[in-house]
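Structure assessment
Residue strings, one per chain:
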Amino acid sequence: MASAAAPLVSLEGVTRRFVTRSGTDVTALQEVSLAIERDQFVTVVGPSGCGKTTLLKLVGGIMPPTLGTVRLNGEVLARPSRKVGMVFQRPVLLPWRSVFENVLFPLEMLGWRTAPRKDEARRLIELVGLGGFENALPSELSGGMQQRVSICRALIYEPELLLMDEPFGALDAMTREDLSFELLRIWNEKRKTVMFVTHSITEAVLLADRVIVMTARPGRVVMDVPITLPRPRTPDTEFTAEFKDFAKTIKSAVYAEARGC
Amino acid sequence: MAAVDTTLRRTLIEYGQTTLAVVVLLVGWEVLCNVLSVPKWLLPAPSQIAADTWEIRAVLPMHFGATLAAVVGGFVLAIVTGIPIAVLVVYSPFLRRVIFPFLLTLQSVPKVALAPLLLLWIGYGLHSNMIVAATVAFFPIVINTATGLESVDKELLELTRSLDASTARVFWCVRLPWALPYIFSSLKVAITLAVIGAVVAEFVGSDKGLGYLILTSSGAMKTSVMFGVLLLLSLLGIASFYAVAWAERRLCPWYLPTNTDPPAI
Ligand SMILES: Nc1ncnc2c1ncn2[C@@H]1O[C@H](COP(=O)(O)OP(=O)(O)OP(=O)(O)O)[C@@H](O)[C@H]1O
Ligand SMILES: [Mg+2]
């Protein structure tokens, strides 16, 4: 079934409902159809609670859709794929393991040997600005530092598709910008496909080939904007007139959705 | 240097205060017993307790050893049965439905009252004292281990699922370490319960052990020996509690327990 022509990720009429503890149904996603081509950098924006995290977890194969199908490489996703790396909204580290051991954790879960990747782990830790903290425990780090560890953890096994749920949410503006460009560099160098959830419209436009705007409950895709800004993007990109046009379009879509309907 | 001096002095003062309190208590006790001439069988003076206990020093190690063996054996038995049962209960809803009613019934019966029945079935001796100690110590281990295994961060499990990790790997690398602090907090309760269980078993039927000594010296109105043995018993309880607390600090250094004192009995 897998063919070169099939998009890397495709969702067809995907609906996801949750049953709350009081017994009522919450529709987190309603009939979302979406295709993501290989090597694309896609950002997802939308109001809180509109189903962005749910969307990533469906693509990651962590939960099944209530209706519709999720395909990866053209094949229906029956179980999680090892080609997918996930950065959660919270760091979710193992509290008893050092930074270094946390970064190596996915390799152990995959049953791979860790020895050949140890240098890479050190390099990644250095890259996100945590050099010198290799042996620290998560409880000895700030929230933003923990989140950077979880980014290294997703990169260590070189997944083809990176699902990132507000990975820079807990970081200060400067670190956030540094890491954004670092991520762009990794994406460019390793040719990965990225789905990146964010609340920052600036960040969404700056990073993306394509911005997906979602509505509040039930979550639907209301706008899908290709960002044709030239690459490589630089810190100055956000001051260009084109950038501002994109940001404005997306902002008005987000705000109209947040207020109206 | 000055800082070291002050901390050292503070420690010395603290220990000094504790020692002083103990000395005052013992001297007061001794004096009161003599002044009021309290009968020996009612409340012996500390000097009397020391002297009478010293007299049976030849047999004490044997009795102490028997109780220690019952406590440690029962404790280990409770661990090697309790933890696997908790694992089964967590992983199999079927076994949970089958095992839990039995566990709850067992827990609601005062195990002390079960001791005579157990001894009737399995006979007398060290092995049965161990089993009684284990029955008493077992329940908190099962409950806490199950709670710990189930309290793993949901998103952490989702992370392992996104890696398509095997159940065994998730158990050894995530669930079990996550549950360790829960397990240890139950072990600290269990070791204290194992002491109680062992002594009860020795009360019910045994020819050695500290419990047996207490029973026989009570029958012989040797109150002073009872006191001496009680002291040994509490030493055994405290030492085994701290051994578990020490193992906890070694095995879960990331988790700093707030409570390192023995629970009040
Ligand atoms: N496990 C769950 N059980 C019940 N309801 C859930 C569950 N997960 C998500 N929901 C509901 O689904 C909706 C979408 O949640 P989701 O976490 O995907 O939102 P989000 O867009 O990521 O929000 P945020 O930007 O705040 O992270 C919410 O209304 C939430 O209440
Ligand atoms: Mg979210």
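Everything numeric here is computed off the predicted structure, so don't read it as measured data. (Residues numbered from 1 in each chain as written. Chains lettered and ligands numbered in written order. Predicted model: local features only at pLDDT ≥ 70, side-chain atom pairs only at ≥ 80, totals over all residues. Heavy atoms only, no water.)

**A word on the nonpolar core**
Ranked by internal contacts, the top residues of the largest apolar core, which has 143 residues, are L55, I227 and I250 of chain A. In terms of residue count, the dominant contributor to this core is helix α8 (residues 167-204) of chain B (16 residues). Core analysis: the second largest hydrophobic core is formed by six residues, A115, L118, V200 and A201 of chain B among them. (Core = buried A, V, L, I, M, F, W, Y, C linked by side-chain atoms within 4.5 Å. Buried < 20%, exposed > 50% of the residue type's maximum accessible area, 1.4 Å probe, protein only. Helix = DSSP H or I, 4+ residues; strand = E, 2+ residues; numbered from the N terminus.)

**What to know about the domain arrangement of chain B**
All names here are of chain B. Parsing chain B into structural domains produces domain 1 (1-37) and domain 2 (44-251). For domain 1 versus domain 2, the distance between C-alpha centres works out to 33 Å. Considering only the side of domain 1, the residues that lose the most area to domain 2 are W29, E30 and C33, jointly responsible for 88% of the buried surface there. The interface formed by domain 1 and domain 2 includes two residue pairs in polar contact (both at pLDDT 80 or more). Residues of the side of domain 1 that touches domain 2, tallied by class, amount to three nonpolar, no polar and one charged. (Domains from an automatic or database assignment. Buried area = accessible area lost by both parts, 1.4 Å probe. Polar contact = N/O pair within 3.5 Å; in protein donor to acceptor, adjacent residues only side chain to side chain. Nonpolar A, V, L, I, M, F, W, Y, C, P; charged D, E, K, R; others polar.)

**Side note on helix α1 (residues 52-59) of chain A**
Residue and element names in this part refer to chain A. Where burial is concerned, most of α1 is hidden: seven out of the eight residues are buried. What α1 keeps buried is the set K52, T54, L55, L56, K57, L58 and V59. Directly after α1, the chain includes G61, whose backbone phi takes a positive value near 75°.

**Quick notes on the site of ligand 1**
All names here are of chain A. Near ligand 1 lie 13 residues; those nearest to it are S48, G49, K52, T53 and T54. S48 places a polar side-chain atom, nitrogen or oxygen, 2.5 Å from an oxygen atom of ligand 1. Take C50: an N or O atom from its main chain is 3.2 Å from an oxygen atom of ligand 1. In the complex, the protein chains occlude 71% of the 640 Å² of accessible area that ligand 1 would expose alone. Take the shell around ligand 1: its biggest share by element is three residues, from α1. Along the lines of polarity and charge, the residues of the shell around ligand 1 split into three nonpolar, seven polar and three charged. (Near = heavy atom within 4 Å. Areas by Shrake-Rupley, 256 points an atom, 1.4 Å probe, with all protein chains shown as cover.)

**Remarks on a nonpolar patch on the surface**
All names here are of chain B. A surface patch of nonpolar side chains, about 550 Å² in accessible area, is lined by V23, V27, V31, L32, V35 and L36. Structurally, the position occupied by L32 is in helix α1 (residues 2-35). The class for L32 is exposed, based on a relative accessible area of 51%. (Patch = residues over 30% accessible without salt bridge, like charges linked within 9 Å, V, L, I, M, F, W, Y side chains within 5 Å. Salt bridge = Lys/Arg side-chain N within 4 Å of Asp/Glu carboxyl O.)

**Things to note about the coordination of the magnesium ion (ligand 2)**
All names here are of chain A. For the magnesium ion (ligand 2), the full set of protein donor atoms is T53 (OG1) and Q89 (OE1), at a range of 1.9 to 2.3 Å. Residue T53 is found in helix α1, and its partner Q89 is found in the loop between β6 (84-87) and α2 (99-110); the two are separated by 36 residues along the sequence. The partly exposed category is assigned to T53, whose relative accessible area is 21%. The class for Q89 is partly exposed, based on a relative accessible area of 39%. (Donors = N, O, S within 2.8 Å, 3.2 Å for Na, K, Ca; no water.)

**Observations regarding the pattern of salt bridges**
For the structure shown, the criterion picks out 20 salt bridges over all chains. In this structure, the salt-bridge partner of E158 of chain B is K57 of chain A, at a minimum N-O distance of 2.7 Å. Here the residue E158 of chain B occupies a position in helix α7 (residues 154-162), and K57 of chain A occupies one in helix α1, the pair thus bridging two chains. A salt bridge links R123 of chain A to E120 of chain A; the nearest nitrogen and oxygen atoms lie 3.2 Å apart. Residue R123 of chain A and its partner E120 of chain A are located together in helix α3 (residues 118-127), separated by three residues, close to a single helical turn. Among the residues examined, R123 of chain A registers a relative accessible area of 37% and is labelled partly exposed. Connected through shared salt-bridge partners, K57 and R90 of chain A together with D153, K154, E155 and E158 of chain B make up one network.

**As for helix α10 (residues 223-251) of chain B**
Each α-helix winds once per 3.6 residues, and so residues spaced three or four apart point in a common direction. All names here are of chain B. If you check α10, its first and last C-alpha atoms are 42 Å apart, about what 29 residues at 1.5 Å a residue would give, namely 42 Å. Of the positions making up α10, those classed as buried are T223, S224, V225, G228, V229, L233, L236, S240, F241, V244, A245 and E248. Where α10 is buried, its residues contact α2 (46-55), α3 (60-91), α8 and α9 (210-219). (Expected span 1.5 Å × (residues − 1). Contact = heavy atoms within 4.5 Å.)

**Comments concerning the side chain of N102 of chain A**
All names here are of chain A. Relative to the assigned elements, N102 resides in helix α2. With relative accessibility at 0%, the residue N102 sits in the buried group. A polar contact of 2.9 Å, which involves the side chain of N102, links it to the backbone nitrogen of L94.

**Examining the interface of chain B and chain A**
Reports often express the size of an interface as the amount of accessible area lost when the parts come together. Contact with chain B, which involves 18 residues of that partner, is made by 25 residues of chain A. In total, chain B and chain A occlude about 2,100 Å² of area from one another, counting both sides; carbon and sulfur atoms represent 63% of this. At the junction of chain B and chain A, the tally comes to five salt bridges. A salt bridge links E155 of chain B to R90 of chain A, with the nearest nitrogen and oxygen atoms 3.2 Å apart. Applying the counting criterion to the chain B and chain A interface returns seven residue pairs in polar contact (both at pLDDT 80 or more). Broken down by element, the side of chain B that touches chain A gets its largest block of residues, seven residues, from α7 of chain B. Here the residues of the side of chain B that touches chain A sort into ten nonpolar, two polar and six charged.

**Focus on the confidence of the model for chain B**
All names here are of chain B. Per-residue confidence for chain B averages 90 on the pLDDT scale, and 95% of its residues sit at or above 70. No element of chain B has a lower mean pLDDT than helix α5 (residues 111-122), which averages 85, and none a higher one than α3, which averages 96. Prediction confidence for the complex, expressed as pTM and ipTM, is 0.86 and 0.91 respectively. (pLDDT = per-residue confidence, 0-100.)

**Considerations on the packing of α7 of chain B against α8 of chain B**
All names here are of chain B. The N-to-C vectors of α7 and α8 enclose an angle of 175°; their axes lie 11 Å apart at closest approach. Considering their axes alone, α7 and α8 lie roughly antiparallel with respect to each other. Residues L156, L157 and T160 of α7 form the contact with α8, whose own contacting residues are V170, V174, R175 and W178. Residue composition of the contact of α7 with α8, grouped by class: five nonpolar, one polar and one charged. (Axes fitted to C-alpha atoms, helices over the stretch in contact; angles between N-to-C directions. Parallel < 35°, antiparallel > 145°, perpendicular 65-115°, else oblique.)

**Notes on the domain arrangement of chain A**
Residues and elements named next belong to chain A. Considered domain by domain, chain A is made up of domain 1 (1-83 + 160-261) and domain 2 (91-158). Here the C-alpha centre of domain 2 lies 24 Å away from the C-alpha centre of domain 1. Taken together, the contacts link 17 residues of domain 1 with 16 residues of domain 2. Buried area between domain 1 and domain 2, both sides added, is near 1,200 Å², and the carbon and sulfur share of it is 66%. By the criterion of area lost to domain 2, the three top residues of domain 1 are R82, L179 and K190, representing 36% of everything that side buries. Counting across the interface, domain 1 meets domain 2 through one salt bridge. Notably, a salt bridge pairs K190 with E158, separated by 3.3 Å at the nearest N-O pair.

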